[in-house]
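What the coordinates show
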Amino acid sequence: MKYMIKYFIYFCLIVAIPDHAFAQANKTKRQKEAENTIYLDLKYGRVIIKLLPDVAPKHVERMKTLTRQKFYNGLKFHRVIDGFMAQTGDPTGTGMGKSHLPDLAAEFNKEKFFHRGAVGAARGMDINSANSQFFITLEAAPWLNQKYTILGTVVFGMKYVDQIKTGDPKTGIVKDPDIILKMQIVAEAE
């Protein structure tokens, strides 16, 4: 009996310690995922974006910083081209505006624009001019590979992105554009 109790305690320690360690590792992983996931609320519904800090750390940090500052709340989807992409992040709504923060150098990475829902950093003619604007692809856009930084991917809510008002077929400029109601980091969501 004494040996059975000893082995039972030993067995419990062997089983319980890894379970506790596993549970702690899972909790840490969930916290990291929540810190790198964005809720983007549209009038049509909630879009969930998984950020990719391992492949575009500076761009991800910029989006998180601006999200925390509530910079994106109320901004227009000023340029939306049917079958291509929906662009936002310009405080002027003209496509020429940006945040008060300095521009970012491109972080081209292994991620490709081979799927709907890729989130890319919009920029000007200079490849190192990304700032606050971003776009979500409505279809695969492989010609953007190694020309624009991918910083995330839509993991839920593309049906809501598809409902964003499209603009002029040539320019993409939208009259009476849809807006971002609210953007927040999941770990800090209200």
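Our subject in this report is the structure included herewith. A quick note: this is a predicted structure, and the numbers were derived from the prediction, not measured. (Residues numbered from 1 in each chain as written. Predicted model: local features only at pLDDT ≥ 70, side-chain atom pairs only at ≥ 80, totals over all residues. Heavy atoms only, no water.)

Quick look at unusual backbone geometry now. In this model, Lys70 sits at a positive phi of 65°, which is unusual for a non-glycine residue. Locating Lys70 in the fold gives a position in the loop between helix 2 (57-68) and strand 3 (79-81). Taking the relative accessible area as the measure of exposure, Lys70 reaches 51% and is therefore exposed. A positive phi angle, close to 50°, is found at Asp176, a residue other than glycine. Tracing the backbone shows Asp176 in the loop between helix 3 (158-161) and strand 8 (182-185). (Helix = DSSP H or I, 4+ residues; strand = E, 2+ residues; numbered from the N terminus. Buried < 20%, exposed > 50% of the residue type's maximum accessible area, 1.4 Å probe, protein only.)

Attention shifts here to the environment of Met96. Mapped onto the elements, Met96 comes out in the loop between strand 4 (85-88) and strand 5 (118-121). Classification of Met96 by relative accessible area gives exposed; the value is 74%. Taking the C-alpha atoms as reference points, Met96 and Gly124, 28 residues apart in sequence, are found 8.6 Å from one another. When sequence neighbours within four positions are dropped, the list of residues in contact with Met96 reads Asp90 and Gln133. (Contact = heavy atoms within 4.5 Å.)

With respect to the helices and strands, the residue Leu51 is situated in strand 2 (residues 45-51). Through-space distance from the C-alpha of Leu51 to that of Glu61 is 9.4 Å; in sequence the pair is ten residues apart. Residues in contact with Leu51, not counting those within four places in the same chain, are Asn36, Ile38, Val60, Met63, Lys64, Leu151 and Gly152.

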